[in-house]
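Residue-level structural notes
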Amino acid sequence: MPRIPDLPGDVVPRNSDQERWLKSHVAQMCQLEHDRFPGSQPISFSVSDLERLEEQDYWVCEKSDGVRVLFLICTNLQTNDQAVFLIDRHNTYRQLSGLYFPHHEFPDRPLRNTLVDGELVVDVDSKTQKETIRMLAFDCLVVDDQNVMSRTLDKRYGRLRDWFYKPYAKMIKDHPHMLQNQPFEIMVKEINFSYHVDKVFNVDIPHLQHGNDGLIYTCVNTPYTPGTDKNILKWKPPEENSIDFKLVLRFPPTPSREADFEQKPIFVLHVWTGGEGPAAKYEPFDVLYVEDAEWEKMKSTGEQIDDRIVEVHWDLEGERWRMMRFRNDKPHGNHRSVVDKIIQSIADGVQKDELLARSAKIRNNWKARQGQQAQQPPTATRHTLPSQPQARPDATKQIVADKRSSLPALDMRYGPIAPSSVSKVAGPTVIAGMNR
């Protein structure tokens with residue numbers, strides 16, 4: 001597994017005046033009525049989405065295996081002081097030092113309030129093995145005090161590149177010593193037209209210095225939408241689709257019906273059903289398969305295992321959930337509604353060859369739409385919200401049926417698991433030197 005970077009910066013204390021001000025400031029910047037994490041989230045790609053790629057304009061890029069962050073620049077126009085923060089998916093703010101961003105028109109002035117979407121990755125040089133932390137920016141919500149969330153992706157990406165990145169890159173080129181004080185390097189992620197997915201597979205991904213776990217398709221003609229956005233599609237090979245659950249250990253009982261902490265437990269996967277903080281609700285969903293050697297390795301780390309968010313994938317051959325890693329960067333597992341969609345993506349998943357086979361038709365349809373737009377009267381709006389794609393249910397259902405018949409049955413084992421007295425909430429927190 002690629003190394004996931006630790007987030008740099010000084011954590012802004014929870015419920016402090018500074019944090020409350022920052023959250024209110026971001027909500028105001030984004031014109032939101034709440035102070036939750038304003039980033040957008042994709043949905044999983046399914047076979048029906050192939051038609052969406054043919055009927056609407058999408059851009060595609062590799063899906064980096066890193067930590068999703070928002071990058072916040074706060075500028076005091078009276079003093080021209082700039083403060084820079086990272087915001088993670090826990091909605092935790094970290095203040096950074098050593099960074100400065102000049103204005104795109106007046107380089108002697110600072111860039112004003114800005115909120116950028118990106119991914120923090122660890123790039124490893126294949127020759128020297130040197131590690132470099134980089135933020136790959138791919139979208140923006142606000143640039144230089146201008147909210148661009150309602151604009152189309154091509155316009156937002158242009159602002160990201162021209163107003164946020166280019167002035168910064170020129171400053172670094174003119175003053176390379178400034179890199180020494182920065183917590184990480186900054187780049188803009190390369191994005192391609194959806195019909196150039198072969199380039200992403202054959203050129204972009206092989207040359208990456210960080211981990212990759214699929215593709216991201218983003219609709220060009222839709223606005224930036226906080227929360228789950230059905231116009232952003234996350235593609236993975238069906239066998240690599242993953243889900244985040246909360247892991248709960250249940251140890252077998254001794255003859256006296258006390259927990260036997262010397263034995264291997266049952267690894268129960270709980271699904272998030274809503275709520276935040278102490279009010280968060282989880283329900284038993286299924287069990288995780290862990291080999292004896294894997295269990296011994298877990299114990300040897302001395303880390304807490306119980307009550308953590310864990311990323312798992314479905315083993316098609318063994319028909320069971322297998323662990324990938326712990327997700328310390330996520331406050332919750334996937335919501336039950338999201339889990340159902342991901343499972344559907346596993347059953348109805350699209351293979352790489354199918355994406356490549358559709359490229360020619362996607363390109364032809366894209367060019368045809370461009371031709372139609374060119375014939376419109378000059379007063380017509382070029383970028384409008386796309387209408388719902390015309391469904392072709394018979395063809396789609398046949399593809400889904402063919403796929404399901406070729407896949408092993410996915411027995412999700414939804415049966416209820418009775419409450420247990422031997423989970424973390426009962427008994428000692430340290431057993432045999434291992435934190436539970």
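Predicted model only: the values in this text are computed from it and were never measured. (Residues numbered from 1 in each chain as written. Predicted model: local features only at pLDDT ≥ 70, side-chain atom pairs only at ≥ 80, totals over all residues. Heavy atoms only, no water.)

**Considering the overall build of the chain**
The helix and strand tally for the chain stands at eight helices and 20 strands. Considering the chain as a whole, with its 436 residues, one finds that 48% of them fall into the buried category. Relative to all contacts within the chain whose residues are 6 or more apart in sequence, the contacts with residues 24 or more apart total 70%. (Helix = DSSP H or I, 4+ residues; strand = E, 2+ residues; numbered from the N terminus. Buried < 20%, exposed > 50% of the residue type's maximum accessible area, 1.4 Å probe, protein only. Contact = heavy atoms within 4.5 Å.)

**Some thoughts on the pattern of salt bridges**
All told, the structure shown has 36 salt bridges when counted by the stated rule. Among the salt bridges present, the one from D88 reaches R94, with a minimum N-O distance of 2.9 Å. The pair D88 / R94 is uniform in exposure class, with both members buried. One salt bridge in this structure joins D292 and K264, with 3.0 Å as the shortest N-O distance. Of this pair, D292 sits in helix 5 (residues 292-301) while K264 sits in the loop between strand 14 (242-250) and strand 15 (266-274); the two residues are 28 residues apart in sequence, bridging distant segments of the chain. With a relative accessible area of 31%, K264 lands in the partly exposed category. One network of salt bridges, with partners in common, ties together D65, R89, E311, R325, R327 and D329. (Salt bridge = Lys/Arg side-chain N within 4 Å of Asp/Glu carboxyl O.)

**Things to note about the environment of S24**
As for its placement among the helices and strands, S24 is situated in helix 1 (residues 17-30). Taking the C-alpha atoms as reference points, S24 and R36, 12 residues apart in sequence, are found 9.6 Å from one another.

**A word on the pairing of strand 18 (residues 320-326)**
Relative to strand 18, strand 16 (residues 281-289) is paired through two bridges, and the arrangement is parallel. Each bridged residue has a counterpart across the sheet, and for L288 the counterpart in strand 18 is W321. The pairing of strand 17 (residues 308-315) with strand 18 spans six bridges and is classified as antiparallel. Looking across to strand 18, one finds that H313 is bridged to R322. (Pairing = 2+ DSSP bridges.)

**Observations regarding the side chain of D88**
In this fold, D88 is placed in the loop between strand 5 (81-87) and strand 6 (93-96). D88 gets classed as buried once you look at its relative accessible area, which sits at 6%. There is a polar contact of 2.9 Å between the side chain of D88 and the backbone nitrogen of T92. Among the polar contacts made by the side chain of D88, one reaches the side chain of R94 at a distance of 2.9 Å. Setting aside chain neighbours within four positions, we find D88 in contact with L7, F37, R68 and R94. (Polar contact = N/O pair within 3.5 Å; in protein donor to acceptor, adjacent residues only side chain to side chain.)

**Notes on the sheet that holds strand 3 (residues 58-64)**
The five strands lie next to each other as 2-13-12-3-11, forming an open sheet whose pairing is mixed. Every other strand in the sheet has two partners, leaving strand 2 (40-44) and strand 11 (192-193) as the edge strands with one partner each. Where strand 12 (residues 212-219) meets strand 13 (residues 227-235), four bridges bridge the pair, whose relative direction is antiparallel. Note that in strand 13 the partner of Y217 across the bridge is L233.

**Considering the confidence of the model for the chain**
Mean pLDDT over the chain: 85, with 85% of residues reaching 70 or higher. Within the chain, strand 9 (residues 146-147) carries the highest mean pLDDT (98), whereas helix 8 (residues 393-406) carries the lowest (41). Segment residues 379-429 is flagged for pLDDT under 50; beyond a separation of four residues in sequence, or across chains, it makes 96 contacts in the model. (pLDDT = per-residue confidence, 0-100.)

**Considerations on helix 4 (residues 197-204)**
Note: α-helices contain 3.6 residues per turn, so residues at a spacing of three or four share the same orientation. Three or more residues of helix 4 are buried, namely V197, V200, F201 and D204. End-on, the buried residues of helix 4 take up no more than an arc of 125 degrees, which puts them together on one face. In this fold, the buried residues of helix 4 make contact with strand 3, strand 11, strand 12, strand 13 and helix 7 (352-374). (Arc of directions from axis to C-beta.)

**Some words on the packing of aromatic side chains**
Under the definition given, this model contains 18 aromatic pairs. Both rings, one in W59 and one in Y157, keep their centres 5.7 Å apart while their planes meet at 85 degrees; by these two values the pair is edge-to-face. With a gap of 98 residues between them, W59 in strand 3 and Y157 in helix 3 (residues 153-174) connect regions that are remote in the sequence. Each member of the pair, W59 together with Y157, is buried. Taken together, the ring pairs connect F71, F101, F164, Y165, Y168 and F184 into an aromatic cluster. Sitting over the ring of Y282, K246 keeps its end group 4.3 Å from the ring centre. For the cation-ring pair, R308 lies above F326, with the distance from its terminal atom to the ring centre recorded as 3.8 Å. (Phe/Tyr/Trp six-rings, centres within 6.5 Å; stacked < 30°, edge-to-face > 60°. Lys NZ or Arg CZ within 6 Å of the ring centre and 35° of its normal.)

**With respect to unusual backbone geometry**
Positive phi outside glycine occurs at N15, with the angle close to 60 degrees. Judged by its relative accessible area of 58%, N15 falls in the exposed class. In the Ramachandran plot, D145 falls in the positive-phi region, its phi being about 70 degrees despite a non-glycine side chain. Inspection of the secondary structure assignment puts D145 in the loop between strand 8 (131-143) and strand 9. Here D145 falls in the partly exposed class, since its relative accessible area comes to 38%.

**Here we look at the pairing of strand 17**
With seven of its eight residues buried, strand 17 lies for the most part within the structure. In this structure, strand 14 lies alongside strand 17, joined through six bridges in antiparallel fashion. In the sheet register, L247 faces strand 17, and the bridge partner there is R308. Between strand 17 and strand 18, which pair antiparallel and follow one another directly, the connecting turn spans four residues, one of which, E319, has a positive phi of 50 degrees.

**Points about the sheet that holds strand 18**
Spatially, five strands are ordered 14-15-16-18-17 in a closed barrel, and the strand pairing comes out mixed. Between one strand and the next, the sheet's axes are offset by a mean angle of 55 degrees, whatever the strand orientation. Against the sheet, helix 6 (residues 336-347) makes contact with strand 14, strand 15, strand 16, strand 17 and strand 18, and its axis sits at roughly 115 degrees relative to strand 14, the strand it touches most. (Axes fitted to C-alpha atoms, helices over the stretch in contact; angles between N-to-C directions.)

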